[in-house]
Every structure is written in structure tokens, then in C-alpha cells.
Amino acid sequence: MDSNKRMSELLFGNITKTPEDYERIYPKRNLEEGAVVTRFSPSPTGFLHFGGLFAAFAARSAAKATNGVFYLRIEDTDKKREVENGVSLIVKGLKDFGIETDEGALSETEEKGAYGPYTQSRRTEIYHAYVKSLVEKGLAYPCFMTEEELSEIRKKQEAEKLLPGIYGEFAKYRDISAEDAEKRIKNGDEYVVRLKSPGSAEKRIKFKDGIKGEIEMPENILDIVLLKKDGTPTYHFAHAVDDHLMRTTHVIRGDEWISSVPIHLQLFYLCGFKPPKYAHISPIMKEENGGKRKLSKRKDPEAAVSFYSEVGYPKGAVWEYLMTLANSNYEDWRLANPDADIESFKFSFSKMSKAGALFDMVKLTDISKTYISRLSAEEVYDMVTDWARENNEKLYKLLVDDEEYAKAIFAIERGNKKPRKDIASWSDVENYVSYFYSELWDKKLDFADNLSNEDMIEILELYKNIYNPNGSGEEWFPAVRDMAVTLGYAKAPKEYKKNPDNYKGHVGDVAGVIRVAATGRRNTPDLYEIMQVLGSDEVMKRFDEAIEKLRG
Ligand code: GLU
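Just so it is clear, the model here is predicted, and its values are computed rather than measured.

Peer 1: Break down the overall build of the protein for me, with residues and values.
Peer 2: Each helix and strand in the protein was counted, giving 23 helices and 14 strands. For the protein, whose C-alpha radius of gyration is 33 Å, the value lies well above the compact-globule estimate of 24 Å for 552 residues. A principal-axis box enclosing the C-alpha atoms of the protein has dimensions of 110 × 45 × 45 Å. Taking all 552 residues of the protein together, the buried fraction comes to 50%. Counting contacts in the protein only where the partners sit at least 6 residues apart, residues at least 24 apart contribute 72% of the total. For the protein, the accessible area works out to roughly 27600 Å², and carbon and sulfur atoms hold 49% of it. Computed over 82 positive and 93 negative side-chain charges, the inter-centroid distance for the protein is 5 Å.

Peer 1: Lay out the site of the ligand with the relevant residues and their values.
Peer 2: Around the ligand lies a shell formed by Arg39, Ser41, Ser43, Glu75, Tyr235, Arg253 and Trp257. Residue serine 41 places a main-chain N or O atom 2.9 Å away from a nitrogen atom belonging to the ligand. Within the side chain of tryptophan 257, an N or O atom sits 3.3 Å from an oxygen atom of the ligand. Considered on its own, the ligand offers 290 Å² of accessible surface; in the complex 79% of this is hidden by protein.

Peer 1: Run through helix α19 (residues 473-486), naming residues and quoting values.
Peer 2: Each α-helix winds once per 3.6 residues, and so residues spaced three or four apart point in a common direction. Between its first and last C-alpha atoms α19 spans 21 Å; for 14 residues at 1.5 Å apiece the expected length is 20 Å, and the two agree. For α19, the set of buried residues is Trp476, Val480, Met483 and Ala484. Relative to the axis of α19, the buried residues are bounded by an arc of 105° and lie together on one face. Away from the buried face of α19 by more than 90 degrees, exposed residues Glu474, Asp482 and Thr486 are located. On its buried side, α19 packs onto α18 (453-466), α21 (507-519) and α22 (527-534). A positive backbone phi angle near 95° is found at glycine 488, which sits one or two residues after α19.

Peer 1: For the sheet that holds strand β3 (residues 103-105), give the residues involved together with the corresponding values.
Peer 2: Judged by pairing direction, the sheet is mixed, and its 4 strands sit side by side in the order β1-β2-β3-β4 without closing on themselves. Since the sheet does not close on itself, it has two edges, and those belong to β1 (37-40) and β4 (111-112), each with one partner. Sheet analysis places β1 next to strand β2 (residues 69-72), joined by 4 bridges and oriented parallel. Bridge pairing in β2 links arginine 39 to tyrosine 71. The strands that helix α3 (residues 50-64) touches are β1 and β2; relative to β1, the one it contacts most, it runs at about 165°.

Peer 1: Go over the sheet that holds strand β13 (residues 291-294), please, and point to the residues and values.
Peer 2: The strand order β13-β12-β14 describes an open sheet built from 3 strands, whose pairing is mixed. The sheet is open, and its two edges are formed by β13 and β14 (358-359), each paired on a single side. Sheet topology note: the strand β12 (residues 285-288)/β14 ladder contains 2 bridges and is parallel. Residue lysine 286 lies in a different strand from β14, and its bridge partner there is phenylalanine 359.

Peer 1: Can you tell me about the nonpolar core, naming the residues and giving the values?
Peer 2: Membership of the largest hydrophobic core comes to 63 residues, with the highest contact counts inside it found for Phe207, Leu226 and Phe237. Residues contacting phenylalanine 207, with those up to four places away along its chain left out, are Gly213, Glu214, Ile215, Met217, Ile258, Val261, Leu265 and Tyr278. Within the second largest apolar cluster, 59 residues are counted, among which are Ile412, Leu460, Leu534 and Phe543.

Peer 1: Hey, could you go over the side chain of serine 61 for me, with residue numbers and the actual values?
Peer 2: On the secondary structure map, serine 61 appears in helix α3. Apart from residues no more than four positions distant in its own chain, serine 61 is found in contact with Met323 and Phe347.

Peer 1: Describe in detail the environment of phenylalanine 359, supporting the description with residues and values.
Peer 2: Topologically, phenylalanine 359 is positioned in strand β14. Given the relative accessible area of 5%, phenylalanine 359 is considered buried. As for phenylalanine 359 and phenylalanine 54, which are separated by 305 residues in sequence, their C-alpha atoms are 11 Å apart. Every residue in contact with phenylalanine 359, bar those within four places of it in the chain, is listed here: Phe50, Ile284, Met285, Lys286, Leu295, Glu302, Tyr308, Tyr321, Leu325 and Leu364.

Peer 1: Can you explain the layout of surface pockets? Please cite residues and give values.
Peer 2: What the largest pocket holds in volume is close to 1300 Å³. If you go around the largest pocket, you meet 42 residues; those closest to its centre are Gly51, Gly52, Gly254, Glu256 and Lys297. Of all the elements in the fold, those that place two or more residues in the lining of the largest pocket are β1, α3 and β10 (250-254). In terms of residue count, α3 provides more of the lining of the largest pocket than any other element does, 7 residues in total. For the second largest pocket, the lining is made up of 28 residues, of which Lys92, Asp96, Phe97, Ser309 and Glu390 are closest to its centre. Within the residue set of the lining of the second largest pocket, elements represented by two or more residues are α4 (86-96), α10 (306-311), α11 (315-326) and α14 (377-391). At 6 residues, the largest contribution of residues to the lining of the second largest pocket is made by α14. Split by residue class, the lining of the second largest pocket holds 14 nonpolar, 6 polar and 8 charged.

Peer 1: Tell me about the environment of glutamate 182, and name the residues and values.
Peer 2: Among the structural elements, glutamate 182 can be located in helix α7 (residues 178-186). Classification of glutamate 182 as partly exposed rests on a relative accessible area of 35%. Counting along the chain gives 277 residues from glutamate 182 to isoleucine 459, while the straight-line C-alpha distance between them is 101 Å.

Procedures and definitions
- Residues numbered from 1 in each chain as written.
- Predicted model: local features only at pLDDT ≥ 70, side-chain atom pairs only at ≥ 80, totals over all residues.
- Heavy atoms only, no water.
- Helix = DSSP H or I, 4+ residues; strand = E, 2+ residues; numbered from the N terminus.
- Rg over C-alpha atoms; globule rule 2.2 N^0.38 Å.
- Buried < 20%, exposed > 50% of the residue type's maximum accessible area, 1.4 Å probe, protein only.
- Contact = heavy atoms within 4.5 Å.
- Areas by Shrake-Rupley, 256 points an atom, 1.4 Å probe, with all protein chains shown as cover.
- Lys, Arg positive; Asp, Glu negative; His and termini not counted.
- Charge placed at Lys NZ, Arg CZ, Asp CG, Glu CD.
- Near = heavy atom within 4 Å.
- Polar contact = N/O pair within 3.5 Å; in protein donor to acceptor, adjacent residues only side chain to side chain.
- Expected span 1.5 Å × (residues − 1).
- Arc of directions from axis to C-beta.
- Pairing = 2+ DSSP bridges.
- Axes fitted to C-alpha atoms, helices over the stretch in contact; angles between N-to-C directions.
- Core = buried A, V, L, I, M, F, W, Y, C linked by side-chain atoms within 4.5 Å.
- 1 Å grid on protein atoms, 1.4 Å probe; cavity = no way out; pocket = protein on both sides within 12 Å on 5 of 7 lines; lining within 4 Å.
- Points joined across faces, edges and corners; volume = space filled by probe spheres on them.
- Nonpolar A, V, L, I, M, F, W, Y, C, P; charged D, E, K, R; others polar.

Right under this line is the structure:
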């Protein structure tokens, strides 16, 4: 037996499957020309963060745009950082925002798809089969260096300003014989398996990143660790094996990995895999004190995805916002296609920001207002109710107690050409609807101070007489105008401005008094519609109460 073969049997005698077997088990996917396969592959270390959601959204959009496949892989090789229910937290995080996966992990124990297991801790045998084959080809070796030795090397490299890592003179076990390794293993010595990098310091590699463009870097010369002491793979090695066997065509990930691409391309090459295309996403940025910084898990509440569900941004609005962040041409597309389904927009990597998209709360609010303004009353009702069930019990009860009434409120000034944009998130709804519910309304009447109480009482007394709950929306305002004129108010603000001394005020002031008496507020949607929803008994009662208050 040749010595590499002896070494591979020594280290992986129990491994029977070969890379060829796995090639057969996970065949090339049968997809249409140009279809891309992408994945989101987080470590289950806690809640999903906005950056993760953004990466998942981009990966999903890329797959959807080409009728490809988007899957979820769990990278749980670092057990120390793992949290309980880590997988469920991620799955729920994605689901809350409507990001469905075609394949992959569904929970701690379940998954779907033919390219699994999709959880790295269940793929040990697969990794070992590939390392075994590398050892057999003389491209990997066991390294018995102790922590002390490694730390000595680190110190020396630091002091002499050398490239850190194991290579050249530092790669002490590069040429270890199978006999020597066997003795050490029998002796109980611990080891990692390292790549025997064939790279050269003089050579450079080039690749084209989907987002960042052409990149050139020195070739990898490090004998990086493939398998750790406990037999689990490093990120680098698992990435190569998994993305190859799961037939990923595009690796979309954070740009902290860009410096590792030379290692990754070398691994793909040495394992005989076709390398994927890379698209490295820059971190999402935030403006602060005139400068920019990364969106921070610690400082920014909006960095946690729970923020969006708690505040109640509809997932459709979050999608709109994510796409705005993802592709610089999306906003123009949306303006040109206000009614189109977001799925008909062609997502592309080249339109992603190289410098890092800028998180902008004002824009999110704007987008969400527009999104909500275009929903039907039924949709608003369903979404608010869903949100309130978990986030606002009082509101939830009111909404479900009288569904008709709530829907009538949400129907006010909805469905027309220029719908109002009063609601940015579901947390705005309680305040928005408060004067429709005695349980919510504080009955504070915010009258303007340009009219005397007597004038206001006069307006309300007269209006009570002419108010016609069966009249149409068209008749409503002219009636108020006629009344205003009768009482000595100008029939239009313009007229009043010309000769303010001739009038007590103008029709707007008169309507304003009626508005405040009925709702407490100076600004509301269409007052006629509001009064129709409140009903004439309630409206009359409110006028009487207002008159009473004004009398003092
Ligand atoms: N588990 C890696 C991370 O969370 C994934 C990087 C990748 O997508 O390849 O950073």
C-alpha cells in the first residue's frame, strides 16, 4: 500500500463511501438553463438579524428570479456558540417575513429536500469521505501541533511581521509518515487534519464577484485546518463540500468572507469541484453624526427582525423595503409599476450596493405608509388583527368584537386614486381609530382658538338641525358651506383672506368645529365618511356633549 493510502486508512478506516458515491447520491440538479441555486446558511447562534434577513432575501430573490432553488442550511459546527432552539428561531424569523425555502432545515429535527442532511452536524461522514480522499492524494495530513506550539508560532510571526498561519517552515507535520502518525495516535495524541496547500506566494488568483466585480488576491499558501480535533469540519471545508454537493450555483454571503475566497477556490479545485459564483454583500450601514457606521446589533433596535413584527410593519412593506435596499433600480421600477407584484421585478446582483446599503427609517416608514394605503379594508383588518392578537390585546378585542364596524373604519378614504397615508405600522392603528371607540377615546376636544365658545356653540346648534345622516357625500360639504354663509363666514378661505374684517372666519373654520366635536381632532380623514361610520345617534350625542363642554 502506498504511504498516502496507508495514512488515509489510518485516519478514516471506518469511512466506506467515496466522493464518487456522493456524486451519485447528489446528482447535478435538473433545472432550466440559467436557474440559480442559492442558500442561506446561518449558524444557529440566536435571533435572526436584519443583515441575515437581507442576505436571505437577496438569495431567495436571486433564485426566484430564475426559477431556481433557495434552501436553508444550518452551519452548526461550532457547538459552543449554539443556542437552544437556534434553528427554530431562524426558521420562524424567515417565515415571519414570508421568506419560504424550497429545501432545507425546517426545525431542529425536520428538513425537506433531496440534497440533505442540511444540518452540518449530520454530515460528518460526508466530510470525512472527502478528507480521506484528499489524504489519499497527498493533499491533506494530520497535524499534531499542541496549543503551546501554535502559540509560539503566532508570537514569532507577530514579532517578525510574517504572514500568520501554518505554511512553509511552520508546517511541522506536512511530511509526517503514516508510521509516525500511527504511533502518535496510539499514544493518544490529538490532531487536526490540515490541507497540504500547493499554493505559491508569487501567484495571484482572480475572480469576478457578482456584487463587487473583479477581485485579485494572492493565492492561498496556508495549510488551513480541514477537520478540527473533534472531527468536525471548519467553515472553509464544509462550505466547499456542502455547496458542491447541494449544487449551489451562487454563494451569497457577508463580505467578511471575501478574504477567504483564495482558500475556497483552492479547496474547490483540489476536491475537483466546479467553483460557485460568489456575491459578497456589504454590511448594511447607518448614518450617524454625519458619518456612516455598520448597523449594530447592540445599538440599533431595528437590527433585530423582531423589531419589525413588534412595531407591526406588514411583511409586504418589509419586502418592499428590502428590495429597495437590495437593488438600486427598484424604486424607479416601483414608481413606474405601482400595481405590479414585487415578484415580477428582476432582481440582479450587479444592482446591489458595493459600499453597503444605507438603512433609513424614514424611507421604511414612507414605503410602509404607501404599502398600507394600497391595501383593501379587509386586508388591513386581517393584518391588524393578526398583529394585535400578540401585541395589543385591547385593540384586538375591539376589532374582533365588531368586525363590520372595524372594516368600515378601515374603508374610509380607501380604494380611491390617492389613498391617505395615515398608517405606517400597526402600532399606529390604536391612535388612528381611537375616536371610534369609547374604550379608546379620551374625549379631549382640540378646538382651534380663533373662534369664541359662543360662535362654536352656534355652529354646532345649527349644524345639528341641518345634519342629514341619509344625505350623500356630495351634498355634505355644500350644506356646511351654506350654513357657514348664513352665520357670517366666508364661503372659501380665499374670500376670507381678501376681506378678513367682513367675516367671522371661513367655511374651513366651521367644518373644523364640526370635525373636532365629532372626533376630538383637527385633522382626520373625510369627515362625512367618519360620521357615517359613527352613526347619527353617536354623532348627535357628541355634538351635545361638545356644546355642553363649550358652555363650561
Ligand atoms: N455560517 C456562516 C455565517 O453565518 C455562513 C456564511 C455563508 O453564507 O457561507 O457567517
